[in-house]
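# Analysis of the macromolecular model
Below, each chain spelled out in residue letters.
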Amino acid sequence: MRLLSQSRRLRQTPFSKGVEDKGVTAYTVYNRMLLPTVFESVEADYRHLKSHVQIWDVSCERQIELNGLDAGHLMRRLTPRNLEKMQEDQCYYVPIVDENGGMLNDPVAIKHSEDRWWISIADSDLLLWVKGLAVGAGMDVQVFEPDVSPLAVQGPKSDDLMARVFGDEVRDIRFFRYKRLAFQDTSFVVARSGYSKQGGYEIYVENGAYGMPLWNALFEAGADLNVRPGCPNLIERIEGGLLSYGNDMTMENSPLECGLGKFCKPGEDSDHIGMQALAREAEAGPARQVRAISITGDPVPPARSGWPLFKDGKRVGQIPSAAWSPDFETNVAIGMVDTGHWDAGSILTVATPNGNRRAIVQETFWA
Ligand code: THG
């Protein structure tokens with residue numbers, strides 16, 4: 001892959017050598033780091049992900065570490081999610097909002113202890129916001145990007161592969177929980193999580209020097225499981241309704257618009273920065289909301305911009321993500337639809353690069 005000019009700004013990962021050797025055919029840029037998007041083809045990768053097990057270099061899910069006596073306080077300042085019951089072996093999907101209730105990121109938070117957290121970020125420069133909040137408030141906390149690179153193991157055979165490398169203990173890890181498990185002369189946080197609906201794990205690899213040894217161990221152990229390299233898959237993640245920050249939502253959207261209202265019920269001890277804005281919005285109701293949408297007709301091309309949605313000639317939203325689904329034999333899409341038009345069964349028109357199509361609002365996502 002030589003189409004992107006390489007430089008220090010476009011960061012390699014601890015697994016880049018493995019990804020290249022295994023024949024990556026396309027990348028995107030995410031948090032100023034390479035993220036593979038295709039190995040064989042989006043459809044072949046999709047079929048394999050749903051049938052076998054894949055190893056994903058998701059190093060670009062960078063961690064922000066909060067370390068110090070005010071780490072928990074800072075975390076509660078950042079997110080509307082109620083953290084009161086969160087245990088020291090848990091991960092939470094947490095919206096991060098600004099003072100207007102706009103989405104700044106939708107990371108996974110990993111709690112090591114009240115004084116030490118990782119925030120596993122989506123594609124935005126969240127570190128700057130977090131440092132600014134901490135410094136501005138004079139908090140006793142260090143905020144930095146540690147040398148941690150997540151490697152995801154996803155697919156129906158992920159339990160078997162992981163058990164071979166980390167032991168049968170992995171089978172007891174519950175969804176969005178983690179255990180610290182040994183590898184060679186070190187240990188890693190191993191969580192049951194990942195950006196697919198096929199089941200799997202994420203290994204938070206501390207110290208990049210362990211990257212290729214772990215990559216190689218997983219491929220050696222999984223040869224008879226048909227293990228292959230993979231990456232977050234466009235078709236599979238749309239079927240499952242997994243949102244992509246920067247695509248499906250931006251700072252212009254609130255968590256209520258993103259369907260993340262269930263993570264915006266602050267606890268007694270919450271004082272997150274968007275509290276008033278979100279309370280006002282909850283009262284009035286969101287102006288638009290994320291919906292599963294099916295688009296009729298032949299396969300659509302990848303969406304490089306939000307395709308406008310219309311009802312009777314009036315603009316009523318947009319489609320930021322769409323792909324042909326071989327399993328559901330329709331184009332599956334994520335839409336942001338204005339109030340009054342988002343009920344299931346609502347029939348809209350979407351302007352795609354291949355012309356106008358019918359866009360039908362679904363009751364739920366597909367998977
Ligand atoms: N794993 C980790 N870090 C990440 C991602 C990840 N950082 C970037 C990006 N992905 C953040 N976005 C998401 C979006 C969805 C989910 C996780 C991170 C997700 N959602 C589940 C769902 O919607 O079914 C579960 C949410 C829940 O109920 O808690 O997993 O993938 N480390």
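Backbone geometry places Phe 176, a non-glycine residue, at a positive phi of 60°. Following the sequence through the fold, Phe 176 ends up in the loop between helix H5 (158–166) and strand E12 (178–183). Its relative accessible area of 17% is what places Phe 176 among the buried residues. The backbone of Gln 184 shows a phi angle near 50°, a positive value even though the residue is not glycine. As for its placement among the helices and strands, Gln 184 is situated in the loop between E12 and strand E13 (186–191).

Take the side chain of Asp 106 next. By secondary structure assignment, the location of Asp 106 is in the loop between strand E7 (103–105) and strand E8 (108–113). Buried within the structure, Asp 106 lacks any salt-bridge partner; Arg 237 is the closest side chain of opposite charge, at an N-O distance of 8.8 Å. In terms of polar contacts, Asp 106 uses its side chain to reach the side chain of Tyr 93, at 2.6 Å. If we skip the residues at most four places from it in the chain, Asp 106 touches Tyr 93, Val 94, Ala 122, Leu 243, Tyr 245 and Met 249.

Close contacts around the ligand come from 17 residues, with Asp 106, Ser 120, Lys 197, Glu 202 and Tyr 204 the closest. For the ligand, a nitrogen atom lies 3.4 Å from a polar atom in the backbone of Ile 121. At 2.8 Å, a side-chain N or O of Glu 202 approaches a nitrogen atom of the ligand. Calculation on the ligand without its partners gives an accessible area of 650 Å², and the protein chains cover 86% of this total.

Turning next to the pattern of salt bridges. Using the criterion set out here, one finds 20 salt bridges in the structure. Here Asp 269 ties to Arg 76 by a salt bridge, and the two come within 3.5 Å at their closest N and O atoms. Taken together, the residues span a long stretch of sequence, with Asp 269 in the loop between helix H7 (234–239) and helix H8 (275–284) and Arg 76 in helix H3 (residues 71–78) at a distance of 193 residues. Across the pair Asp 224 and Arg 164 runs a salt bridge, and its minimum N-O distance is 2.7 Å. Taken together, the positions of Asp 224 in the loop between helix H6 (211–221) and strand E15 (228–230) and Arg 164 in helix H5 put the pair 60 residues apart, joining distant regions of the chain. Here the salt bridges do not stand alone but share partners, grouping Arg 47, Lys 50, Glu 239 and Asp 327 into one network.

Let us look at the layout of surface pockets. Within this model, the second largest pocket holds a volume of roughly 200 Å³. Forming the walls of the second largest pocket are 15 residues, and the residues nearest its centre are Asp 248, Asn 253, Arg 288, Gln 318 and Met 336. Put simply, the parts of the chain that give the lining of the second largest pocket at least two residues each are strand E18 (314–325) and strand E19 (330–338). Per element, the largest residue contribution to the lining of the second largest pocket is five residues, and it comes from E18.

Mapped onto the secondary structure, Ser 244 falls in the loop between H7 and H8. Looking at Ser 244, its side chain comes within polar contact range of the side chain of Asn 247, at 2.8 Å. Those residues in contact with Ser 244 that lie beyond four places of it in its chain are Tyr 195, Arg 237 and Met 249.

Running from N to C, H3 and helix H4 (residues 126–136) cross one another at 120°; their axes reach a closest spacing of 11 Å. The orientation of H3 with respect to H4, classified from their angle, is oblique. Once H3 is placed against H4, the crossing between them reads as right-handed. Of the residues in H4, those in contact with Leu 74, Arg 77 and Leu 78 of H3 are Trp 129, Val 130, Leu 133 and Ala 134.

Okay, the sheet that holds E8 next. Backbone-to-backbone hydrogen bonds join strands into a sheet, with any given pair of strands oriented parallel or antiparallel. Pairing is antiparallel across the open sheet formed by five strands, whose spatial order is E5-E8-E9-E4-E10. Looking at which strands have only one partner, the edges of the open sheet turn out to be strand E5 (91–93) and strand E10 (142–144). Taking each pair of neighbouring strands and ignoring which way they run, the sheet shows an average axis angle of 20°. Direction of pairing for strand E4 (residues 63–67) relative to strand E9 (residues 116–120): antiparallel, over a ladder of five bridges. Among the inter-strand pairings, Leu 66 is bridged to a residue of E9, identified as Trp 117. Running over the sheet, H3 touches E4, E8, E9 and E10 and is turned about 35° from E9. The strands touched by H4 within the sheet are E4, E9 and E10, with E10 carrying the most contacts at an inclination of about 170°.

Here is what the cut-offs are and how they apply
- Residues numbered from 1 in each chain as written.
- Predicted model: local features only at pLDDT ≥ 70, side-chain atom pairs only at ≥ 80, totals over all residues.
- Heavy atoms only, no water.
- Helix = DSSP H or I, 4+ residues; strand = E, 2+ residues; numbered from the N terminus.
- Buried < 20%, exposed > 50% of the residue type's maximum accessible area, 1.4 Å probe, protein only.
- Lys, Arg positive; Asp, Glu negative; His and termini not counted.
- Salt bridge = Lys/Arg side-chain N within 4 Å of Asp/Glu carboxyl O.
- Polar contact = N/O pair within 3.5 Å; in protein donor to acceptor, adjacent residues only side chain to side chain.
- Contact = heavy atoms within 4.5 Å.
- Near = heavy atom within 4 Å.
- Areas by Shrake-Rupley, 256 points an atom, 1.4 Å probe, with all protein chains shown as cover.
- 1 Å grid on protein atoms, 1.4 Å probe; cavity = no way out; pocket = protein on both sides within 12 Å on 5 of 7 lines; lining within 4 Å.
- Points joined across faces, edges and corners; volume = space filled by probe spheres on them.
- Axes fitted to C-alpha atoms, helices over the stretch in contact; angles between N-to-C directions.
- Parallel < 35°, antiparallel > 145°, perpendicular 65-115°, else oblique.
- Left-handed = near helix turned anticlockwise from the far one by under 90°.
- Pairing = 2+ DSSP bridges.

That's the geometry; what it means functionally is another story.
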